[in-house]
Each structure stands twice: as structure tokens, then as C-alpha cells.
Amino acid sequence: MSKIKELNIKTAMPSDASALAELSEKTFVEAFAKLNKKEDFESYVADSFTENKIKSEILDKKSLFFIAKIKDQFVGYAKICQSSPPECVRLLPAIELSRLYSLKRYWGYGIGHALMETCIEHARNKTFKSIWLGSWKENSRGNAFYKKKHFEI
């Protein structure tokens, strides 16, 4: 259950692409800017979170974005997608959790938990037997969250 009573989660639509691109860039920068070389990081961010790129990902039939909102403000999001799992994933079919982020000022407020529960519910409803993800070893905060949610290395 979310610690924020006004939190709602919705499925992203193409019309959300601009706001989702802005949120994606901001949350990624907040999470990882200090852990990367500035030039490489800025180049990656500039290419990865454009409105057109996010819109094409929203339109991809194998992907699904969930957006966490407080009132009319986007505060976090998750992206799940159908992709080939690594060999270590034993329970098939499986779906990938490829992104899970919230704005830094909302860390610890249950947004990640609410988004994760939405992804799990979606996976169950679509008869996926497991959810897998890849996480950078330097992502200590995220990795602690995934461990708490019973993900295994």
C-alpha cells in the first residue's frame, strides 16, 4: 500500500510521451549522474530520453509503461517488456522489468513499491510465471529494493 494517499497509477498513452520523456530523463539523472563520467552520461541521456524515443517505446506492442501520478504530476514510472530472458531465468514465460524510477524527492514514499505491485499484477494477469531484470552493480539503492522484493541474483 502506498504511503501517499493521492497516488494513482495509469498506463501510459502516446499523448504522455513528452511528460514521460521529461520524467525519465530527470529520474535517471537523479539516480545515476554522480556515478558516471559526465561526457558519456550526458550523451547517453540525450539519446535515450527524447519524446520521439519514448513515444516509440509506448507504441511498441511488446512494451508497457505504468506512470505513478500525484494529482496531475508524474512522479515515477515503470516499464515492462517482452524480451528474451537470460538463461538463468527458469520460470517461463517471463517478462522483463526494464525500468523502475521515481523522483528523488519521493524516494521512500512507496512509489516504487506501488509500481512494482502493478507490474506483478499485470504479469500474473497475462500468465507470466516470472519477472526478471538487469541491474547495474553500482545501483546499491535499487539493488537493495529488488532484494527486499525477493529478486534473486
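The paragraphs below set out a description of the structure included in this document. Residue positions are counted from 1 within each chain, in the order its sequence is given. Since the coordinates come from a predicted model, pLDDT governs what is reported: local features require at least 70, and pairs of side-chain atoms require 80 or more to be given and counted, while whole-chain, interface and lining totals use all residues. The side-chain values count all of the structure's non-hydrogen atoms but skip hydrogen atoms and water molecules.

**Concerning the packing of helix 1 (residues 17-32) against helix 2 (residues 38-48)**
For step 1, the next point in the chain: Simply put, an axis is a line fit to the C-alpha atoms, just over the touching stretch for a helix, and the angle between two N-to-C directions goes from 0 to 180 degrees. Where helices and strands are cited, they refer to DSSP runs of H or I of at least four residues and of E of at least two residues respectively, numbered from the N terminus. Close contact between helix 1 and helix 2 brings their axes to 10 Å; oriented N to C, the two are set at 160°. Between helix 1 and helix 2, the crossing angle belongs to the class labelled roughly antiparallel. Crossing hand, helix 1 versus helix 2: right-handed. Here Glu25, Phe28, Val29 and Phe32 of helix 1 lie close against helix 2, whose contacting residues are Phe41, Tyr44 and Val45.
For step 2, the next point in the chain: Residue composition of the contact of helix 1 with helix 2, by class: six nonpolar, no polar and one charged. For classification purposes, angles smaller than 35 degrees are called roughly parallel, those larger than 145 roughly antiparallel, those between 65 and 115 roughly perpendicular, and all remaining angles oblique. Each helix crossing is assigned a hand: it is left-handed if the near helix lies turned anticlockwise from the far helix by less than a right angle, otherwise right-handed if that turn is clockwise. Here, two residues are considered to be in contact whenever any of their heavy atoms come within 4.5 Å of each other. When residue character is reported, Ala, Val, Leu, Ile, Met, Phe, Trp, Tyr, Cys and Pro are called nonpolar, Asp, Glu, Lys and Arg charged, and the others, Gly included, polar.

**Considering the sheet that holds strand 3 (residues 73-81)**
For step 1, the next point in the chain: Strand order in this open sheet of five strands is 1-2-3-4-5, and the pairing throughout is mixed. Edge positions in the open sheet fall to strand 1 (7-11) and strand 5 (130-132), since each of these has one partner strand only. Strand-to-strand twist of the sheet, defined as the mean angle between neighbouring strand axes without regard to direction, takes the value 30°.
For step 2, the next point in the chain: Any two strands with at least two DSSP bridges between them are considered paired. The sheet contact formed by strand 2 (residues 63-70) and strand 3 spans eight bridges and is antiparallel. Each bridged residue has a counterpart across the sheet, and for Ile67 the counterpart in strand 3 is Tyr77.
For step 3, the next point in the chain: Contacts from helix 3 (residues 51-59) reach strand 2, strand 3 and strand 4 (94-102) within the one sheet, and its direction differs from that of strand 2 by about 115°.

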